[in-house]
Amino acid sequence: MKRKINIAITGLQAMDNPEPGMSLSRCLKNNPNYTLSGLSYSLYCTGNFSHSFDDIFLVPYPWDSPEQWLSRIGDIHKKKPIDVLIPSLDSEIVLFSSLESQLRDMGIKMYL
């Protein structure tokens, strides 16, 4: 049986100023070819308690060092391979743009 495509999504907060990651997960959740991994910046993020994700992983904030972020993504990728990464926050664009080639070398495609 072919492995499902694992899509990792950021931006899981869904309170007063909702982030788009939750909406993305709801759009993708019912596709039987996908598994969804939430990348959360906080233990208390509302998306951590959603049924939209198969797994939730804590990650450093986007303003932390790119090396920290890349190291954490590498750890996650070893546990559950990430096929596609969808950063959903404006504050992540600079970070993910700078990491694109390293992520590609790890086999992770990015959808910006």
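See the structure printed just above.
None of the values given here were measured: they were computed from a predicted structure.

Cut-off values and rules
- Residues numbered from 1 in each chain as written.
- Predicted model: local features only at pLDDT ≥ 70, side-chain atom pairs only at ≥ 80, totals over all residues.
- Heavy atoms only, no water.
- Phe/Tyr/Trp six-rings, centres within 6.5 Å; stacked < 30°, edge-to-face > 60°.
- Helix = DSSP H or I, 4+ residues; strand = E, 2+ residues; numbered from the N terminus.
- Buried < 20%, exposed > 50% of the residue type's maximum accessible area, 1.4 Å probe, protein only.
- Pairing = 2+ DSSP bridges.
- Contact = heavy atoms within 4.5 Å.
- Axes fitted to C-alpha atoms, helices over the stretch in contact; angles between N-to-C directions.
- Parallel < 35°, antiparallel > 145°, perpendicular 65-115°, else oblique.
- Left-handed = near helix turned anticlockwise from the far one by under 90°.
- Nonpolar A, V, L, I, M, F, W, Y, C, P; charged D, E, K, R; others polar.

Asker: Would you mind going over the packing of aromatic side chains with me for this structure?
Answerer: What the rule picks out here adds up to 3 aromatic pairs. Considering the side-chain rings of Trp69 and Phe96, the 4.8 Å spacing of their centres and the 80° angle between planes classify their relative orientation as edge-to-face. Residue Trp69 is located in helix α2 (residues 66-79), and its partner Phe96 is located in helix α3 (residues 93-105); the two are separated by 27 residues in the primary sequence. Judged by relative accessible area, which is 0%, Trp69 ranks as buried. Taken together through their ring pairs, the aromatic side chains of Tyr41, Tyr61 and Trp63 make up a single cluster.

Asker: Please clarify how the sheet that holds strand β2 (residues 34-40) should be interpreted in this entry.
Answerer: Remark on secondary structure: sheet strands pair via backbone hydrogen bonds, oriented parallel or antiparallel. Strand order across the open sheet formed by 5 strands is β3-β2-β1-β4-β5, with parallel pairing between neighbours. Since the sheet does not close on itself, it has two edges, and those belong to β3 (55-58) and β5 (109-110), each with one partner. Where strand β1 (residues 5-9) and strand β4 (residues 84-86) come together, 3 bridges link them in parallel fashion. Paired with Ala8 across the strands is Leu85, a residue of β4. Running over the sheet, helix α1 (residues 21-28) touches β1, β2 and β4 and is turned about 160° from β1.

Asker: What is the right way to read the environment of Asn33 from this model?
Answerer: Within the secondary structure, Asn33 sits in the loop between α1 and β2. In sequence terms Asn33 and Arg3 are 30 residues apart; their C-alpha atoms lie 8.2 Å from each other. With residues near it in sequence (within four places) discarded, Asn33 still touches Lys4 and Ile5.

Asker: Looking at this model, I keep getting lost on the packing of α2 against α3. Mind explaining?
Answerer: Between two packed helices, the angle of one axis relative to the other and the distance separating the axes together describe the packing. The geometry of α2 relative to α3 is characterised by a closest axis approach of 11 Å and an angle of 50° between their N-to-C directions. What the angle tells us is that α2 and α3 run oblique. The crossing of α2 and α3 is right-handed. Facing α2, whose interface residues are Pro66, Trp69, Leu70 and Ile73, α3 presents Leu95, Phe96, Leu99, Gln102 and Leu103. Looking at the contact of α2 with α3 residue by residue, the class counts come to 8 nonpolar, 1 polar and no charged.

Purely geometric numbers; function is a separate question.
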